[in-house]
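Notes for the structure review
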Amino acid sequence: MDVENLAFADGSFDTVIDTYSLCVFSNPVAAMREIRRVCNKRGQVLLLENSISDVAPIAAYQRVTAPTVAKMGGKGCFYDQDPAAIAQAAGLTVTVNEPFAGGFLRRLEARP
């Protein structure tokens, strides 16, 4: 199934969960728009994602290494993205944005 063209009607789900995949989508904003579309207007989107760190030296390392890591063993994952910014760009309202593991990972809750 194409994440940018999900085969579900608008508002089909009360909860949509995505874990560790935003970093591999070729167009993560389009994917999140589609997730927003299939989520009920009173529903929730739960994300657990790779994230650019809030810790400057770690973020700098991520920016330098992400393209190489994605090509060589990283399964195409660009782990230097900002999932909260992606969700907001897709029209979601982020209600929880919790970094952990040095900011490498992030738990988000969002509403359509």
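Residues numbered from 1 in each chain as written. Predicted model: local features only at pLDDT ≥ 70, side-chain atom pairs only at ≥ 80, totals over all residues. Heavy atoms only, no water.

The two faces of a sheet get side chains in turn, since along a regular strand they alternate between them. Relative to strand β2 (residues 39-50), strand β1 (residues 13-19) runs parallel, the two sharing six bridges. Its bridge partner lying in β2, Thr 19 is registered against Leu 48. Handedness of the crossover joining β1 and β2 through helix α1 (residues 28-38): right-handed. (Pairing = 2+ DSSP bridges. Helix = DSSP H or I, 4+ residues; strand = E, 2+ residues; numbered from the N terminus. Right-handed = clockwise from strand over helix to strand, strands pointing away.)

Taking strand neighbours across the sheet as the criterion, the four strands line up as β1-β2-β4-β3 in an open arrangement whose pairing is mixed. Single-partner strands in this sheet number two, and they are β1 and β3 (93-100). The sheet shows a mean angle of 10° between the axes of neighbouring strands, taken without regard to direction. By the bridge criterion, six bridges tie β2 to strand β4 (residues 105-111) in an arrangement that is antiparallel. (Axes fitted to C-alpha atoms, helices over the stretch in contact; angles between N-to-C directions.)

This brings us to the state of the cysteines. Scanning the model with the defined rule gives one disulfide in all. Here Cys 23 pairs with Cys 77 through a disulfide, and the sulfurs are 2.1 Å apart. Between Cys 23 and Cys 77, the S-S torsion sits near -115°, and that sign places the bridge as left-handed. Taken together, the residues span a long stretch of sequence, with Cys 23 in the loop between β1 and α1 and Cys 77 in the loop between α2 (56-71) and α3 (83-89) at a distance of 54 residues. (Disulfide = S-S within 2.5 Å.)

This prediction gives the protein a mean pLDDT of 95; 100% of its residues lie at or above 70. Between the elements of the protein, mean pLDDT differs from a low of 93, seen in α2, to a high of 98, seen in α3. (pLDDT = per-residue confidence, 0-100.)

Now for the packing of aromatic side chains. The geometry of an aromatic ring pair comes down to the distance between the two centres and the angle between the two planes. One pass over the structure, following the stated rule, counts two aromatic pairs. Ring centres of Phe 8 and Phe 13 lie 4.9 Å apart, and the angle between their planes is 80°; this geometry places the pair in the edge-to-face category. (Phe/Tyr/Trp six-rings, centres within 6.5 Å; stacked < 30°, edge-to-face > 60°.)

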